[in-house]
Amino acid sequence: MSDASASWVIQNEELDVLTQQYELLAEFVLESRQRKDPLYFHHFDIDLRRGPCLGKRLSGCGAGVHYLAVSPEGDIYPCHQFVGQAEFRMGDVFAGELNSDLTHTFEHVNFDMNSVCRTCFARYQCGGGCHANHWQIHHTLLYPDDFSCQLIRKRLECALYLEATESM
């Protein structure tokens, strides 16, 4: 985990610039698709007909359930952002151990557990966002930070714009 006040960390006052840049990027992606030289940007690629799988829709983050991270020392963590945090150490590859209690913890964290996500229009595409980010900001896996939510909603708006524009 990094220090949220580090000079390279995106700050709240940069949100307007970021949202403007997402809008410019959406226009650029649209133009590239119209030229038949499509630019791929993961956050703008959504499938409105099938959407993400149910697990992704509910939890957003696959940490500790759909993927794990292994430190150079062989320690297992829910994701790379939890490496070094003893409370999230899940086991050791060399000892062949894995604490499934943490897997169950992450498995049951979903957007329906907090009122912020429950009322958000993006909940079924976002699923609640990044657990490590929640932990770093609020020291809970259940509550997202507003800045990340705003960026996710903006990316979804741009993705919806692209879908609507291309289907006309």
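Each value, and the rule that gives it
Residues numbered from 1 in each chain as written. Predicted model: local features only at pLDDT ≥ 70, side-chain atom pairs only at ≥ 80, totals over all residues. Heavy atoms only, no water. Buried < 20%, exposed > 50% of the residue type's maximum accessible area, 1.4 Å probe, protein only. Helix = DSSP H or I, 4+ residues; strand = E, 2+ residues; numbered from the N terminus. Arc of directions from axis to C-beta. Contact = heavy atoms within 4.5 Å. Patch = residues over 30% accessible without salt bridge, like charges linked within 9 Å, V, L, I, M, F, W, Y side chains within 5 Å. Areas by Shrake-Rupley, 256 points an atom, 1.4 Å probe, with all protein chains shown as cover. Salt bridge = Lys/Arg side-chain N within 4 Å of Asp/Glu carboxyl O. Pairing = 2+ DSSP bridges. pLDDT = per-residue confidence, 0-100.

1. A few points about helix 3 (residues 100-107)
Moving on, step 1. Those residues of helix 3 that sit buried are L102, T103 and F106. Burial along helix 3 is one-sided: seen end-on, the buried residues are contained in an arc of 105°.
Moving on, step 2. Those residues of helix 3 hidden inside the fold are in contact with helix 6 (131-138).

2. Points about a nonpolar patch on the surface
Moving on, step 1. Taken together, the side chains of L48, F121 and L160 define a hydrophobic patch exposed on the protein surface, amounting to about 270 Å² of accessible area.
Moving on, step 2. In this fold, L48 is placed in the loop between helix 1 (15-34) and helix 2 (54-59).
Moving on, step 3. Using a relative accessible area of 45% as the deciding quantity, one classes L48 as partly exposed.

3. Quick word on the sheet that holds strand 4 (residues 97-98)
Moving on, step 1. Spatially, four strands are ordered 1-2-3-4 in an open sheet, and the strand pairing comes out antiparallel. On the outer flanks of this sheet lie strand 1 (69-70) and strand 4, each paired with one strand and no other.
Moving on, step 2. Bridge count for strand 1 against strand 2 (residues 75-77) is two bridges, and the pairing is antiparallel. Looking across to strand 2, one finds that A69 is bridged to Y77.

4. Brief notes about the confidence of the model for the chain
Moving on, step 1. For the chain, mean pLDDT is 86; residues scoring 70 or higher make up 91% of the total.
Moving on, step 2. For the chain, helix 2 is the element with the lowest average pLDDT, namely 63, and strand 2 is the one with the highest, namely 97.

5. Here we look at unusual backbone geometry
Peptide bonds are trans in most cases, and residues, glycine excluded, mostly fall at negative phi.
Moving on, step 1. The phi torsion at K36 lies on the positive side, around 65°, for a residue other than glycine.
Moving on, step 2. Residue position: K36 is located in the loop between helix 1 and helix 2.
Moving on, step 3. You can call K36 exposed: its relative accessible area is 72%.
Moving on, step 4. Of note, H139 is a non-glycine position whose phi angle comes to about 55°, a positive value.
Moving on, step 5. As for its placement among the helices and strands, H139 is situated in the loop between helix 6 and helix 7 (146-166).
Moving on, step 6. Of the residues examined, H139 reaches a relative accessible area of 57% and is grouped as exposed.

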